[in-house]
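# Structural overview for review
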2 protein chains.
Amino acid sequence: MIGTTGRDPEVCSVTVDLVIFTVRDGELNILLIERGNEPFRGASALPGGYVRPGETLDQTALRELREETSLDGRELHLEQVRAYSDPDRDPRGRVITVAYLALGPDLPRPVAGTDARQAAWTPVAEVLEGRMILAFDHRTILRDALERARTQLEHTTVAARFCPEPFTVGELRRIYEVVWGFKLDPSNFRRKMTRAEAFLEPTGEQRFPEVGRPAALYRRGSARFLIPPLLRTGASRDEVV
Amino acid sequence: MIGTTGRDPEVCSVTVDLVIFTVRDGELNILLIERGNEPFRGASALPGGYVRPGETLDQTALRELREETSLDGRELHLEQVRAYSDPDRDPRGRVITVAYLALGPDLPRPVAGTDARQAAWTPVAEVLEGRMILAFDHRTILRDALERARTQLEHTTVAARFCPEPFTVGELRRIYEVVWGFKLDPSNFRRKMTRAEAFLEPTGEQRFPEVGRPAALYRRGSARFLIPPLLRTGASRDEVV
DNA sequence: TCAAAAGTGTTGTGAATACACCCATGG
DNA sequence: CCATGGGTGTATTCACAACACTTTTGA
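Residues numbered from 1 in each chain as written. Chains lettered and ligands numbered in written order. Predicted model: local features only at pLDDT ≥ 70, side-chain atom pairs only at ≥ 80, totals over all residues.

### Brief notes about the protein's contact with DNA strand C
Around DNA strand C there are 23 residues in total, and Arg213 of chain A together with Gly170, Ser187, Gly212 and Ala216 of chain B lie nearest to it. Counting only elements with at least two residues in the surface near DNA strand C, the list comes to α5 (186–195) of chain A together with α4 (169–180), α5 (186–195) and β9 (215–220) of chain B. When grouped by side-chain class, the residues that make up the surface near DNA strand C number 10 nonpolar, 8 polar and 5 charged. (Near = placed C-beta within 6 Å. Helix = DSSP H or I, 4+ residues; strand = E, 2+ residues; numbered from the N terminus. Nonpolar A, V, L, I, M, F, W, Y, C, P; charged D, E, K, R; others polar.)

So, in structure tokens, the structure goes:
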């Protein structure tokens, strides 16, 4: 890398943008802020900010998470998605951004950022169905992050990060249904999940819902990968939720 | 993102590093250059260079590819892997790098870079088995890119990008075996590949090898994804190649 | 005729679906 | 007793691994 025929090496700003998903009221929601400055003043945007000296991108993401949501990043799943580098993506100048995907349970405190900007949970469907304007290339970033999240649910155990512990198999299934957008067979889903090694750790307790039989409670196990994977291929597309 | 409490926004250099894989003599090879300057003078490193003004990262990757390998990037598969941002990853200062994965057929011309640096194909096994020193965090980048390549072979049709057209099913199978590191059953592999829609496009021609029955020739089809995927889970780990 | 690689056919095993059915609770 | 969701059992279907077997060539 370095040591190139260094013609015109560019020095530019780098930011981190966060796609923070949660499941609220049976819908996938994303945390958006309202922009207070130009450009895109008044439009919605992903939370995020500049990388500071000495920070890794992961650290920037964690810090922004804390600043925007007052949440400890250790309670969330956080992973890098990719970098976006269109030279015209920010009208003010050259800014490369690295998108991060964050998954977490529905937050008790309704997300008051430490700075003045308004932060609000918004149904992803509302954003993607075209009505809402997102600043910069944030619509593209959202689409990519959503696709990443859907794929991650197939191969990893991150879905459980959406659930406050302890949780039931039914709650976990609803996460899959909401993120993927179609219904799953409860009995087959149950088998897959309980068979997967170290995914669900029974607490021995039960939860008594308003209606219906009580459900066994689980905690997240140590496994990071879901083996075998739960693919969203072919069948099972029973119905859009 | 922008519009933050802009304390200490950092301005830093951004580079692109290329992990260029090919299959040569039944081994996975990577293109490495020998560093002519400090730091890591004399050590091997990934080819790459600075992002220039007005360039997207993809364009930087394509340009570096051309400069280092004299190859047209359109002949290769090229995709972004991820960004690396440890503040100490470059002893000279803050440099964030974005890694790209490039896959291509064994190159006829033996890779003469336009600049003076020596570029050479090196077996990946030799690098990862600990002997060779790689500059910066390039060993980590290589490991990540290799894992990405292995996963991509499961779900996409990129394996065919390793093969000069036209190619046989056997040649394609050898790609999988070399990248994954274990043997596959020829007959089952054949079925999977020929069943997958628009992966292999028969030319109607045959190739007559030095020994054995002639093999039907194929060109790459239009499909980008391999459906259903060819998973490297569980069985089939017959033998390390 | 033999070796070697291409290519076809078949069979057994296990996973996924679809669905019937029972369980435990609140009302 | 009913509605509701939790949870178990099971038959059918389907994909895959394993492997026997045939084909087509050069030597």
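After that view of the structure, there is still more to cover.
### As for the protein's contact with DNA strand D
Among the 23 residues in the neighbourhood of DNA strand D, the closest are listed as Gly170, Ser187, Gly212 and Arg213 of chain A together with Arg213 of chain B. Where the surface near DNA strand D is concerned, the elements lending two or more residues are α4 (169–180), α5 and β9 (215–220) of chain A together with α5 of chain B. Sorting elements by how many residues they give to the surface near DNA strand D places α5 of chain A first, with 3 residues. For the surface near DNA strand D, the residue count by class is 10 nonpolar, 8 polar and 5 charged.

### Examining the interface of chain A and chain B
Taken together, the contacts link 45 residues of chain A with 45 residues of chain B. Those elements that place two or more of their residues in the side of chain A that touches chain B are β1 (11–24), β4 (48–50), β5 (77–84) and β6 (95–103) of chain A. In terms of residue count, β1 of chain A provides more of the side of chain A that touches chain B than any other element does, 6 residues in total. For the side of chain A that touches chain B, the residue count by class is 18 nonpolar, 16 polar and 11 charged. With 3 bridges connecting them, β1 of chain A and strand β1 (residues 11–24) of chain B associate as antiparallel partners. Its bridge partner being in β1 of chain B, valine 11 of chain A is matched across the sheet by serine 13 of chain B. (Contact = placed C-beta atoms within 7 Å. Pairing = 2+ DSSP bridges.)

### What about the packing of helix α3 (residues 138–155) of chain A against α4 of chain A?
Residue and element names in this part refer to chain A. Where α3 meets α4, the closest approach of the two axes is 10 Å, and the angle between their N-to-C directions is 145°. Once α3 is placed against α4, the crossing between them reads as left-handed. Two secondary-structure elements touch here, α3 through Ala149, Arg150 and Leu153 and α4 through Tyr176, Val179 and Trp180. A breakdown of the residues in the contact of α3 with α4 according to their chemical character gives 5 nonpolar, no polar and 1 charged. (Axes fitted to C-alpha atoms, helices over the stretch in contact; angles between N-to-C directions. Left-handed = near helix turned anticlockwise from the far one by under 90°.)

### Quick word on the packing of α4 of chain B against α5 of chain B
Residue and element names in this part refer to chain B. One way to put it is that α4 packs onto α5 with a least axis distance of 10 Å and a crossing angle of 105°. Comparing their axes, α5 and α4 come out roughly perpendicular. From α4, Val169, Leu172 and Arg173 reach across to α5, where they touch Pro186, Phe189, Arg190 and Met193. Its residues assigned to classes, the contact of α4 with α5 comprises 5 nonpolar, no polar and 2 charged. (Parallel < 35°, antiparallel > 145°, perpendicular 65-115°, else oblique.)

### Section: the domain arrangement of chain A
Residue and element names in this part refer to chain A. When its domains are assigned, chain A resolves into domain 1 (13–154) and domain 2 (156–220). Relative to domain 2, the C-alpha centre of domain 1 lies at a distance of 27 Å. Listed per partner, the contact involves 14 residues of domain 1 and 13 residues of domain 2. Looking at the side of domain 1 that touches domain 2, the elements that each hand over two or more residues are β1, β2 (27–34) and α3. Per-element accounting of the side of domain 1 that touches domain 2 gives the leading share, 4 residues, to α3. When its residues are assigned to classes, the side of domain 1 that touches domain 2 shows 7 nonpolar, 5 polar and 2 charged. (Domains from an automatic or database assignment.)

### Concerning the relation of the copies chain A and chain B
Mapping chain A onto chain B calls for a rotation angle of 180° and an axial translation of 0.0 Å; the resulting RMSD is 0.0 Å. Both copies are brought into coincidence by an operation consistent with a two-fold rotation axis. Counting the interface residues of chain A, we find that 100% of their copies in chain B are interface residues as well, pointing to one common contact surface. (Least-squares fit on C-alpha atoms with pLDDT ≥ 70 in both.)

### Let's talk about α4 of chain A
Residue and element names in this part refer to chain A. Across its 12 residues, α4 extends 17 Å between first and last C-alpha, which sits within 8% of the 16 Å expected from 1.5 Å per residue. Along α4, the residues that are buried comprise Leu172, Arg174, Ile175, Tyr176, Val178, Val179 and Trp180. The inward-facing, buried residues of α4 abut β1, β2, α3 and α5. Looking one or two residues past α4, glycine 181 carries a phi angle of roughly 85°, positive in sign. (Expected span 1.5 Å × (residues − 1). Buried ≥ 20, exposed ≤ 12 C-beta atoms within 10 Å, placed from the backbone.)

### Some points on the pairing of β1 of chain B
Residue and element names in this part refer to chain B. Counted residue by residue, β1 has 11 buried out of 14 residues, so it is predominantly covered. Bridge analysis of β1 against strand β6 (residues 95–103) gives 9 bridges, and the strand direction is parallel. Its bridge partner lying in β6, leucine 18 is registered against tyrosine 100. Sheet topology places β1 next to strand β4 (residues 48–50); 3 bridges connect them, and they run antiparallel. Of the residues in β4, the one forming a bridge with valine 16 is glycine 49. Alignment of β1 against strand β2 (residues 27–34), held across 4 bridges, turns out to be antiparallel. Bridge assignment links threonine 22 to a residue of β2, and that residue is asparagine 29. Hairpin connection of β1 to β2: 2 residues between the antiparallel strands, including aspartate 25 at a positive phi of 55°.

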